[in-house]
Amino acid sequence: MNSQQTIKNLHDLEFDNQFTREMPADPETENFRRQVSQACYSRVSPTKVRQPQLVAYSKEVAELLDLSTAAVESDEFAEVFAGNQVLEGMDPFAMCYGGHQFGNWAGQLGDGRAINLGEVLNQKGEHWTLQLKGAGPTPYSRTADGLAVLRSSVREFLCSEAMYHLGVPTTRALSLVLTGEQVLRDMFYDGNPQREPGAVVCRVAPSFLRFGNYQIFASRGEIEPLRKLVDYTIRTDFPELGEPSREVYLRWFEEVCRRTADMIIHWMRVGFVHGVMNTDNMSILGLTIDYGPYGWLEDYDPNWTPNTTDAAGRRYRFGNQPQIALWNLVQLANAIFPLIEDAEPLQQSLDEYADGFEQGFQQMMADKLGFSTLQRETDLPLIEELQQVLQLVETDMTIFFRRLAFLKAEGEPTSDVAELMAPLMDAYYDPAKVTEDVRAKIVDWLQRYLKRLREEQSSDVERRERMNLVNPKYVLRNYLAQLAIDKAAAGDFSLVNELLELLRHPYDEQPGQEEYAGKRPEWARNRPGCSMLSCSS
Ligand code: AMP
Ligand code: MG
């Protein structure tokens, strides 16, 4: 463990709550549901729970906060991170934000089941906001209970950390704690609510601000608080852009566009489908935020959405994520327009998003294919046609790319089709469906791909090493998360912790762990939780 991790007692954590100190607060301090205007947040305390029990924690996130293992494994830790105890220096609050849900303006939403505890100032001088998800109702809970269940909390906890280790910008997760309470949930929205174990995840990020935080002010014509929030965001999270001014607002928007494009490119690289890209679920820092009904592509199907609520329109399907991010950025542009009063430069940044995304996407695909430089003339058609090849039959995206690195470009080209295809056969869900015709199309692409690889200066081994850095072997397959949930619900947290450990090294071979790199088993094809998630996830 890192020698810098000196904090053994949680009371020694240092808090510096810039956000609540500087931003306008809701004067009302009673906890009841309401509309909140002219304010960025409402102070609210977490609800006490019966019996906190630590299920899992991330040692890397503990390290960010300088927390020692002893501190995390103390009884007090479970109390604090279930919401039973507020440490001195914390200043708990829920944020006010709005959002477009499924393309429609939904008005005020806000932290309905998230409570920010405060900002830890670590030894490096970094601010990390701690946020409990599922710690009870807030003024923004509307008709819901402010709680979270074990199932959704395991998913959020594991996926946050898995994404981090994959190199995808994301909010982090410090801990997963059972509350000892039972929570009523209608998982299938079919009028059959069940009691499920309640849980709380502590999320950690430099800031949890979302596009919706800016939108809510604009929607109400509250321009001064809007300006305050934008200035604050720039000063605290984008200081490199300079002191806030009209010019800097524009640079800031451009940077948000750039970061958002970067995040989506990573999602497309690893096969992540967020599932509910409403504008209130878009981080202003370009972090993946709000792990709800997300899913991982198994079969490469750009039309796949994991979210049952999205099944009809498929707005949030894998292949549509780049366009939706742009749509969301347009909404953010509209929100900050009153500070700029000129659409032209905002439009320019949006155009740059589109161009930047395109170029970044092509480079990312070139990396996945092991090209040391992108040669547009040969590579763009190969990338384009690969989209078709991957959809000829049910093909596992993660396995396909990982196995592609085993192709041999050195030595005599083989004319044996079976030999050529051999490294990839594991990626096909039903090898019998790889008919003569399908095989011919795949082989045609492979041969052109191999021809291109032979123009590379690198050896097969060197190329494979490069490809293995961008094509993960292990991702949080939907059914794996579900298996961990099933066990955890029965009181066995071993698989949660095993997966957490496995996913710390997603690009490593990890001999002996191959069972976690395999295709989704048939039983999981249509099982809820494995292929279909609801928003209540
Ligand atoms: P989501 O789509 O999960 O990001 O949630 C949309 C809005 O609903 C946000 O304002 C959430 O805080 C709120 N919300 C979701 N689940 C709950 C819950 N169980 N209790 C209170 N508010 C919730
Ligand atoms: Mg949300």
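Scoring rules and cut-offs
Residues numbered from 1 in each chain as written. Chains lettered and ligands numbered in written order. Predicted model: local features only at pLDDT ≥ 70, side-chain atom pairs only at ≥ 80, totals over all residues. Heavy atoms only, no water. Axes fitted to C-alpha atoms, helices over the stretch in contact; angles between N-to-C directions. Helix = DSSP H or I, 4+ residues; strand = E, 2+ residues; numbered from the N terminus. Parallel < 35°, antiparallel > 145°, perpendicular 65-115°, else oblique. Left-handed = near helix turned anticlockwise from the far one by under 90°. Contact = heavy atoms within 4.5 Å. Donors = N, O, S within 2.8 Å, 3.2 Å for Na, K, Ca; no water. Buried < 20%, exposed > 50% of the residue type's maximum accessible area, 1.4 Å probe, protein only. Pairing = 2+ DSSP bridges. Near = heavy atom within 4 Å. Polar contact = N/O pair within 3.5 Å; in protein donor to acceptor, adjacent residues only side chain to side chain. Areas by Shrake-Rupley, 256 points an atom, 1.4 Å probe, with all protein chains shown as cover. Nonpolar A, V, L, I, M, F, W, Y, C, P; charged D, E, K, R; others polar. Domains from an automatic or database assignment. Buried area = accessible area lost by both parts, 1.4 Å probe. Salt bridge = Lys/Arg side-chain N within 4 Å of Asp/Glu carboxyl O.

(A) Molecular detail of the packing of helix H8 (residues 246–270) against helix H9 (residues 321–340). For the pair H8 and H9, interaxial distance at closest approach is 10 Å and the crossing angle is 165°. Taken together, the axes of H8 and H9 are roughly antiparallel relative to one another. Crossing hand, H8 versus H9: right-handed. Side by side, H8 and H9 meet where Arg 246, Tyr 249, Leu 250, Trp 252, Phe 253, Val 256, Cys 257, Thr 260, Ile 264, Trp 267 and Met 268 of the first sit next to Gln 321, Pro 322, Ala 325, Leu 329, Leu 332, Ala 333, Ile 336, Leu 339 and Ile 340 of the second.

(B) Spatial organisation of the coordination of the magnesium ion (ligand 2). Within the protein, Asn 281 (OD1) and Asp 290 (OD) serve as the donor atoms for the magnesium ion (ligand 2), at 1.9 to 2.1 Å. Asp 290 gets classed as buried once you look at its relative accessible area, which sits at 13%.

(C) The arrangement of the pairing of strand S6 (residues 114–121) in detail. Where burial is concerned, most of S6 is hidden: 7 out of the 8 residues are buried. Bridge analysis of S6 against strand S7 (residues 127–133) gives 7 bridges, and the strand direction is antiparallel. Across the sheet, the residue bridging to Ile 115 is Leu 132, located in S7. In this antiparallel pair of consecutive strands, S6 and S7, the connection spans 5 residues, and Gly 125 shows a positive phi of 85°.

(D) Seen up close, the site of ligand 1. What surrounds ligand 1 is a group of 17 residues, the closest being Gly 110, Gly 112, Arg 142, Gly 146 and Asn 281. Within the side chain of Arg 185, an N or O atom sits 3.3 Å from a nitrogen atom of ligand 1. Taken by itself ligand 1 offers 480 Å² of open surface, and the protein chains cover 83% of this. Residue classes in the shell around ligand 1 are distributed as 4 nonpolar, 6 polar and 7 charged. The residues that make up the shell around ligand 1 include at least three from each of domain 1 (10–212) and domain 2 (216–356).

(E) Summary view of the domain arrangement of the protein chain. Splitting the protein chain by domain gives domain 1 (10–212), domain 2 (216–356) and domain 3 (371–404 + 406–467). Computed over C-alpha atoms only, the centres of domain 1 and domain 2 are separated by 22 Å. Opposite the 46 residues of domain 1 that make contact, domain 2 presents 50 residues. Here domain 1 meets domain 2 over a buried area of about 3,900 Å², counting both sides, of which 62% is carbon and sulfur. The largest share of the area that domain 1 buries against domain 2 comes from Phe 102, Leu 209 and Phe 211, three residues that together contribute 22% of it. Our count for the domain 1 to domain 2 interface comes out at 2 salt bridges. The tally of links between domain 1 and domain 2 comes to 22 residue pairs in polar contact (both at pLDDT 80 or more). Listing elements by their share of the side of domain 1 that touches domain 2, those giving two or more residues are helix H1 (18–22), strand S4 (98–101), strand S5 (104–108), helix H5 (150–166), strand S9 (194–205) and helix H6 (211–219). Considering every element that reaches the side of domain 1 that touches domain 2, the biggest residue donor is H5, with 6 residues.

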